[in-house]
Structure formats: structure tokens, C-alpha cells
Amino acid sequence: MGGRGRAGKGSLSVRSAKRGENMENMKVPNHIAIILDGNGRWAKAKGMPRGYGHIKGCANLESICDDIKDLGVKYLTVYAFSTENWKRSREEVEGLMKLFRSYLKKCMKSAEKNHMRVKIIGDPTAFDQDIQDKIRKLEEFSKDYDELYFQIALNYGSRDEITRGMRKLAQDVAEGSLNPQEITEDTISGYLDTAGVPDPDLLIRTSGEQRLSNFLMWQLAYTEFYFTDVAWPDFHKEDLIRAIEKYNGRDRRYGGVKEE
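Residues numbered from 1 in each chain as written. Predicted model: local features only at pLDDT ≥ 70, side-chain atom pairs only at ≥ 80, totals over all residues. Heavy atoms only, no water.

### Here we look at the side chain of Asn214
- By secondary structure assignment, the location of Asn214 is in the loop between strand S7 (202-205) and strand S8 (224-227).
- In this structure Asn214 touches Tyr79, Thr83, Glu84, Tyr156, Gly157, Ser158 and Arg159, once residues within four positions along its chain are discounted. (Helix = DSSP H or I, 4+ residues; strand = E, 2+ residues; numbered from the N terminus. Contact = heavy atoms within 4.5 Å.)

### Quick look at helix H7 (residues 237-248)
- Its 12 residues place the ends of H7 16 Å apart at the C-alpha level, agreeing with the 16 Å of an ideal helix rising 1.5 Å per residue.
- Within H7, burial applies to Lys237, Asp239, Leu240, Ile241, Ala243, Ile244 and Tyr247.
- Of the surrounding elements, those touching the buried residues of H7 are strand S2 (27-28), strand S3 (31-35), helix H2 (50-70), S7 and S8. (Expected span 1.5 Å × (residues − 1). Buried < 20%, exposed > 50% of the residue type's maximum accessible area, 1.4 Å probe, protein only.)

### Overview of the sheet that holds S8
- Taken together, the 6 strands give an open sheet; going across it, the order is S5-S6-S4-S3-S7-S8, and neighbouring strands pair in parallel fashion. Taken across any chain shown, the strands that pair with only one partner, and hence form the sheet edges, are strand S5 (116-121) and S8. Along the sheet, successive strands turn relative to each other by an average axial angle of 20 degrees, direction set aside.
- Taken together, the 7 bridges between strand S4 (residues 75-82) and strand S6 (residues 148-156) define a ladder with parallel strand orientation. Paired with Val78 across the strands is Ile152, a residue of S6.
- Contacts from H2 reach S3, S4, S5 and S6 within the one sheet, and its direction differs from that of S6 by about 145 degrees. (Pairing = 2+ DSSP bridges. Axes fitted to C-alpha atoms, helices over the stretch in contact; angles between N-to-C directions.)

### A short note on H2
- In a regular helix each residue adds 1.5 Å, so 21 residues correspond to 30 Å; H2 covers 30 Å between its end C-alpha atoms and thus fits that length.
- Among all positions in H2, only Gly53, His54, Gly57, Cys58, Asn60, Leu61, Ile64, Cys65, Asp67, Ile68 and Lys69 are buried.

### Here we look at the layout of surface pockets
- Taken as a whole, the largest pocket holds about 630 Å³ of empty space.
- In terms of lining residues, the largest pocket is bounded by 30 residues, among which Leu36, Tyr79, Ala80, Asn85 and Arg88 are the most central.
- Considered class by class, the residues forming the lining of the largest pocket number 15 nonpolar, 8 polar and 7 charged. (1 Å grid on protein atoms, 1.4 Å probe; cavity = no way out; pocket = protein on both sides within 12 Å on 5 of 7 lines; lining within 4 Å. Points joined across faces, edges and corners; volume = space filled by probe spheres on them. Nonpolar A, V, L, I, M, F, W, Y, C, P; charged D, E, K, R; others polar.)

### Topic: the pattern of salt bridges
- Following the criterion strictly, the structure yields 17 salt bridges and no others.
- Among the salt bridges present, the one from Glu92 reaches Arg50, with a minimum N-O distance of 2.9 Å. Taken together, the residues span a long stretch of sequence, with Glu92 in helix H3 (residues 90-114) and Arg50 in helix H2 at a distance of 42 residues.
- Residue Glu92 is classed as buried on the basis of its relative accessible area of 12%.
- Asp239 serves as the salt-bridge partner of Arg242, at 3.1 Å between the closest nitrogen and oxygen. With Arg242 and Asp239 both in helix H7, this residue pair falls 3 residues apart, about one helical turn.
- Judged by its relative accessible area of 13%, Asp239 is buried. (Salt bridge = Lys/Arg side-chain N within 4 Å of Asp/Glu carboxyl O.)

### Notes on the nonpolar core
- The biggest cluster of nonpolar side chains holds 45 residues, and the ones touching the most others in it are Ile34, Phe150 and Ile204.
- Those residues in contact with Phe150 that sit more than four places away from it in its chain are Leu61, Cys65, Leu76, Val78, Tyr103, Cys107, Met116, Arg117, Val118 and Lys119.
- Counting residues in each nonpolar core, the second largest holds 10 residues, with Tyr156, Phe215, Leu216 and Leu220 among its members. (Core = buried A, V, L, I, M, F, W, Y, C linked by side-chain atoms within 4.5 Å.)

So, in C-alpha cells, the structure goes:
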């Protein structure tokens, strides 16, 4: 799924946009990560149950995938269900599982339409077998598409990901297939769920919170952050373009000093 590296240096020009006079000259991130936050609060503000917000948020994700491709973004990673989300009420978790079953099926049509390769990151073994089967079917169905790479974080936590990866690394060291003296940052990246995928250039978090919440902590080391008060169900193409505009105003030096 492409080589690793700081892909912002190879950003693409925005091909089409309805907002802003200078979008033709803008650079879009190669990889955008989004924390899909605020579904439940959005629904509550409308006097509706939290599950209604998740349904609307899921529908919005389908639209954003279309917009992401239209704007020329190559990689999209979204945080849909964390390892901590199991702590929510039984009713909400069961509703989310039902929604996942429906979305994973619909996502095949979206993958075909957008020529989109889909990968689930996280630990799927905690899900019921039918959900695991749907995940494998979706990944197999979309494996040859290459116009958009879409990663969905399900039962994902960055600490869990790193822990699982380091167990595999330690096992390879113990078996003699890996020399500890040859371990580099790229070696570690290769043991993570996102192996082979460029690190995100831009992280967007909706609904006003300003923290990572155990999401891609290794991969976001040099990522630009954009926080918005807009709840995820109300986050549309215009909001996405606004985030890209802000990204264009950032000076990405990767720890270096900009030449005068």
C-alpha cells in the first residue's frame, strides 16, 4: 500500500472544490486521518438517542470518502471504534455492532465506485465471527483497487497496536530472524497495523475535543493537527476544504530550521 515516509512533501493539487477562490493552487495532504467525534452529543442536542447520531455519522463517512477522492487525497484513516469504547452502555455497543455489520456490507459498493482499497486496523478478534468474516470479505474484495486507500480503525488503540507489534518483534528477535542492533524506526513501523502506509500529513478531530485519545500515536509524530467544534455528522466537504486551507498555512520543518 505504498512506501512509508513523510508524504506531505509530495502533496497533490486540489482538482475540484466549491469553496475558496485559490483552491487550484492549494496542496492537499497525501494522507488525512480523522477522529470521528461528536455523534452522540449531536444526537442528544437534537433530542434523539445516541444511536441516531452514529447512523448519521456513518452515512456522512460515505460522503466524505467521495469528497476525499475528489480532492485528490490518496490515503484516509478514520477512528471508528476504540478499544475503550467497549465501556459504553450495552445498548450503545450493540447498536454500533449492528451498524458495523450494515456499513461493512455497504462499503463494498463504495469501494467499487471509488476504486478504494479498504483495510481494517486494530484487533478484530474481539468482534463476533460474522463481523470478522465481513471484514475479511471486504478486504479481499477491494485488495486490487489503488485510487484511494481507506483504513478504518475498529477495536483500535495505539498502545494496544504498539504492544501487539512489539510482541511480534520480540518473537522474531527470540527466534533469531531479527538482529536487535539492526532495529530502526522503519523496522518498528513495519510491525504496526499501518505497515506500508505513509504517516498522516493532517489529523482532523471534530466536535471540539483536542486530544489524540490513543489514536496513531507513533504515526502522528510529525502530523499537523486541526480541531473543529463541528460535530462529525455536520462535517461536510466545505469543512474538509477549510481544514486543508489551514494545513496549507502550516510550516512543516520536521524539527529543522527554515532557511532565510
